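# Tertiary structure, described
Listed below are the residues making up each chain.
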Amino acid sequence: MPKINVLPKEVYSLIAAGEVVERPMSVVKEMIENSIDAGAKHITLEIKNGGTTYIRITDDGCGIAREDVKKVFISHATSKIETSADLEAISTLGFRGEAMASIAAVAKVELLTKAADEAEGTRYEIAAGEEKDFSAAGCPNGTTIVVRDIFFNVPARMKFLKKDVTEGNSVQGVVDRIALSHPEISFRFIREGKQVLVTSGNGDLKGTIYSIFGSEFSNSLMPVEYEYGGLRLSGFASKPHEARKNRAMQFFFINGRLVKSATVCAALEQAYKNSIMVGKFPACVLNIEMDAKQVDVNVHPSKIEVRFINEKPVFDLIYYGVKTAIETKNTVKEASGFFTADDGRVYKSFEQKTAKINFGVKEEAPSQMKINFSSAQSKPSVQSVWSAAAPKPNEHIRKDSYGSREEYTIKGKSAFNSDEAEEDGCKFVAPINFRTDERETTETISLAAPEPAPQVIEEKEEAPAFSIVGEAFNTYIIVEIKNDLFYIDKHAAHERMNFERLRAEAEQGIASQMLLSPVTVKLSAEEYDCIIDNLPLLSKCGFAAEDFGNSTVIVRETPSLLDGTDVKDLIVEIAGKLLEHKTDIEPDKMDWIFHSASCRAAVKGGDYTSPEERELFVEKLLSMPDIQYCPHGRPVMLRVSKYELEKQFGRIQ
């Protein structure tokens, strides 16, 4: 049992002190934190009239020795620290020794407590800072504190209290957050005579979340477990398609303490970038375990703001931890209005991590679209393109013509590499494209690396058996898989495939194509400066651009994915995004460039795709289970079960 010490002035003068008692919620927060620090496993809270007239907290902690009871209500008396050195590594929720003295100064307080090694307990009453009673009492091990009539002696302060229901809601919010931070403790909350919360205290955070927020919110979460640099992250974060309109459901804890930090918030939202819609925010309940010496909680009177000695490891821990969860634990979004439990029979493969196969799309004629698929290689020597209209494995050669374009596919061979290269029936294509309009002819040549390298075939996940029902509005492909229907947004899906292709190629060098007629782009002064400052970055993204003077840049090469794209509009769009989203993080800038490029190269909603193209497109999409959202965060597919359809039509009850 810790001994309560009255801190010397040279110690408590170092503490960031402030007003402790503002509302009933602050009283509840301070007293529950004391119960947790006392090692309680069961905590019961009861309030009446929103806590303004009655608050009772009972715990089964270590209790308080009789000789220390009166010290509880002396300012700067605490069992948590003894010397100034203890402030450098605070591991308890409380440490300032202000709370009980402040509460007793403005309310009527009754304390019942008993330590395990004492034969009888102690009863102590104090009101407005004056002792009323100190006597022996029979009570169980632990502590019970009753606070009545807050601000009874300060009527001016009482006027600032809100309605009872508002104050009660604030108290419940405090209890909810503390319960989330300590799932190993059983909390019981009684409000106006009604029990409104009970948690099991078995350490199951998911069960605690369910008890507090219900099944809908708890089912929208995915687990997060990650360790990095001696730090550990655990908890839950929302699935991307369950993003919310505000940050109200973001809960961060450090060593069990609720905190607010711009660093952890930014890391969380950075991890969700490209997975949720702009303007929406993820929800989470995340706890960071770290050395207490690496974080300073003695920054603000509320103790909710913290400062890290080194913010980068904390940022990386949350970013990579949540990012990993998104890629490995996410599931397909259900169609709105339908709900069914996942029985695990069809979608186990969607939770397995797999190598990415990236896509490219070429627009051939106004009424015809041709989709090309590129197989990622570790050390590509040529641009490998698998055409949706490519010949079957037993065919030798086929010539396809759409308007002015001709593409030749030779079995097992590349025009740049004489070695045979065949992967699962894929034929590698060396495209030489010709586009003709009334003004000029532009030849676009896909450039190869100077020396060929051995092909590395990556494992791909086999797509489940499916059948294509059709396509709605030339935009949504409808697919049947066992007892489920999928509605696939072909533009969103293909945009994400392009985005992933560019990001994968960026690690080894994006395949570029040279423009025989370089394109000059006139920009505003701000856009021009931004592009000039980011020329090396554009080069990494597959663009060869130069300063042409007079607020103009000249573009000589673009990523091969962008065949036929309006280069001028694309450069202007990239400049606008780089200006709007100013950041010093290079991967972020590259992502904004890839956003623009992948969207423009994707098949558009409303464009016609042939049955053969749809078949190949769906097969490749279903073999890539981590492709579930477009770079803007829109889902690429929705799922509706046969059971729910039959239920809607009244075929089953």
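The structure this text deals with has already been given above.
So, here is what we can say about the structure in this document. (Residues numbered from 1 in each chain as written. Predicted model: local features only at pLDDT ≥ 70, side-chain atom pairs only at ≥ 80, totals over all residues. Heavy atoms only, no water.)

### Observations regarding the sheet that holds strand 12 (residues 231-238)
Across the sheet, five strands lie side by side as 11-12-15-13-14; this open sheet has mixed pairing. Every interior strand has two partners, whereas the edge strands, strand 11 (221-228) and strand 14 (257-259), have only one. Between one strand axis and the next, the sheet turns by 20° as a mean value, whatever way the strands run. Where strand 12 lies against strand 15 (residues 284-289), six bridges are found, and the strand directions are antiparallel. Counted as the bridge partner of Leu 233 is Ile 288 from strand 15. Packing of helix 5 (residues 164-181) onto the sheet brings it into contact with strand 13 (250-254), strand 14 and strand 15, and relative to strand 13 it is tilted by some 55°. Sheet strands touched by helix 8 (residues 262-271): strand 13 and strand 15. Its angle to strand 13, the strand with the most contacts, is close to 125°. (Pairing = 2+ DSSP bridges. Helix = DSSP H or I, 4+ residues; strand = E, 2+ residues; numbered from the N terminus. Axes fitted to C-alpha atoms, helices over the stretch in contact; angles between N-to-C directions. Contact = heavy atoms within 4.5 Å.)

### Some words on the packing of aromatic side chains
Two descriptors summarise a pair of aromatic rings, namely the distance from one centre to the other and the angle between the planes of the rings. By the definition in use, this model includes eight aromatic pairs. Centroid distance Phe 213 to Phe 217: 5.2 Å. Interplanar angle 70°. Geometry classified as edge-to-face. For Phe 213, a relative accessible area of 27% translates into the label partly exposed. Considering the side-chain rings of Phe 499 and Phe 594, the 6.5 Å spacing of their centres and the 80° angle between planes classify their relative orientation as edge-to-face. Note that Phe 499 is positioned in helix 10 (residues 490-506) and Phe 594 in helix 14 (residues 586-601), a separation of 95 residues in sequence. Each of the two residues, Phe 499 as well as Phe 594, counts as buried. Put simply, the rings of Tyr 228, Phe 315, Tyr 319 and Tyr 320 touch in pairs and so form one group of aromatic residues. In this arrangement the basic side chain of Lys 70 is found over the ring face of Phe 134, its NZ or CZ atom lying 4.7 Å from the centre. Of note, Lys 108 hangs over the ring of Phe 152, and the distance from its end group to the ring centre comes to 5.1 Å. (Phe/Tyr/Trp six-rings, centres within 6.5 Å; stacked < 30°, edge-to-face > 60°. Buried < 20%, exposed > 50% of the residue type's maximum accessible area, 1.4 Å probe, protein only. Lys NZ or Arg CZ within 6 Å of the ring centre and 35° of its normal.)

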